[in-house]
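Below, each chain spelled out in residue letters.
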Amino acid sequence: MTVSLEVAAGVATLRLDRPPMNALDVATQDRLKELAEEATRRDDVRAVVIYGGERVFAAGADIKEMQAMDHTAMVLRARALQDSFTAVARIPKPVVAAVTGYALGGGCELALCADFRIAAENAKLGQPEILLGLIPGAGGTQRLSRLVGPSKAKDLIFTGRQVRADEALTIGLVDRVVPAAEVYEQAHAWAAKLAQGPAIALRAAKESIDTGLETDIDTGLAVERNWFAGLFATEDRERGMRSFVEEGPGKAKFL
């Protein structure tokens with residue numbers, strides 16, 4: 001399989017494994033969607049790490065496969081391509097991308113689907129589709145601009161240039177830069193910490209933030225308000241408040 005899902009202690013690792021560069025061909029895209037939906041459904045998955053291995057995250061789409069596709073074929077495929085990445089973005093649990101080596105094109109777009117990105121010092125990210133006479137087609141024009149702002153997104157997409165980890169950190173494309181040998185370890189630690197948290201409240205926070213970014217503030221506030229009130233019906237809310245009153249802040253156990 002070109003993508004696998006391994007779960008331990010509440011953390012799922014969504015692992016790309018298509019050597020040598022983890023090119024995201026159609027079969028890999030479809031498998032990615034299938035496993036993202038599985039991670040969404042499974043109660044034993046409380047947080048997710050997306051990882052491509054020690055050498056490379058994902059160097060983009062399978063260009064040879066795409067070259068053979070004409071307009072009609074891509075019209076039929078483009079929605080499925082976006083849906084595979086959207087399935088990752090909509091996992092209602094904390095998701096962190098552990099980025100090593102190249103994260104280009106579809107690889108960068110996949111990293112954009114995570115809530116948090118930890119990159120290796122030697123990582124390179126970018127959207128080089130313009131160099132092929134194309135634009136990003138798996139969410140890059142939308143998620144990148146929401147993350148780093150339209151001006152920086154246009155710089156990267158218009159030029160197709162790659163950015164090193166230090167610049168990616170400066171512009172907000174990644175959230176932490178660490179030695180390459182520590183990328184997965186730190187990503188897993190971030191996910192494991194959140195996997196111990198209140199699952200429904202984390203889901204509420206993620207949905208409220210993501211929905212708010214996609215709509216007007218009044219609609220976003222309504223989503224927040226409904227989730228906020230709804231959480232008062234949860235056992236985690238009872239446990240958290242009781243712990244605060246009896247033991248002080250930050251000591252509640254949610255598992």
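Rules behind the numbers
- Residues numbered from 1 in each chain as written.
- Predicted model: local features only at pLDDT ≥ 70, side-chain atom pairs only at ≥ 80, totals over all residues.
- Heavy atoms only, no water.
- Pairing = 2+ DSSP bridges.
- Helix = DSSP H or I, 4+ residues; strand = E, 2+ residues; numbered from the N terminus.
- Axes fitted to C-alpha atoms, helices over the stretch in contact; angles between N-to-C directions.
- Parallel < 35°, antiparallel > 145°, perpendicular 65-115°, else oblique.
- Contact = heavy atoms within 4.5 Å.
- Nonpolar A, V, L, I, M, F, W, Y, C, P; charged D, E, K, R; others polar.
- Salt bridge = Lys/Arg side-chain N within 4 Å of Asp/Glu carboxyl O.
- Buried < 20%, exposed > 50% of the residue type's maximum accessible area, 1.4 Å probe, protein only.

## Considering the sheet that holds strand β9 (residues 176-178)
Read from one edge of the open sheet, 6 strands run β1-β2-β3-β4-β6-β9, paired in mixed fashion. Each edge of the sheet is formed by a strand with only one pairing partner; in this case those strands are β1 (3-8) and β9. Across this sheet, the average inter-strand angle for adjacent strands is 20°, counted without regard to direction. Sheet topology places β1 next to strand β2 (residues 11-16); 6 bridges connect them, and they run antiparallel. Among the inter-strand pairings, S4 is bridged to a residue of β2, identified as R15.

## A closer look at the packing of helix α9 (residues 199-213) against helix α10 (residues 217-230)
For the pair α9 and α10, the least separation of the axes is 8 Å and the interaxial angle reads 170°. Taken together, the axes of α9 and α10 are roughly antiparallel relative to one another. Within the contact between the two elements, α9 uses I200, R203, A204, E207, S208, T211 and G212 and α10 uses G220, V223, E224 and W227. A per-class count over the contact of α9 with α10 returns 4 nonpolar, 4 polar and 3 charged.

## Description of the pattern of salt bridges
Counted under the stated rule, the structure contains 14 salt bridges. Residues R239 and E235 are paired through a salt bridge, measuring 2.5 Å at the closest nitrogen-oxygen approach. Linking R239 with E235, this pair stays in helix α11 (residues 235-247), spanning 4 residues, or about one helical turn. Assessed through its relative accessible area of 53%, E235 is described here as exposed. When the shortest N-O distance is used, the salt bridge between D236 and R239 registers 2.9 Å. Here the residue D236 and the residue R239 both occupy positions in helix α11, the gap between them amounting to 3 residues, near one helical turn. Overall, the relative accessible area of 16% leaves D236 in the buried class. Residues participating in the shared-partner salt-bridge network are R18, D25 and D62.

Just distances and angles here, no functional claims.
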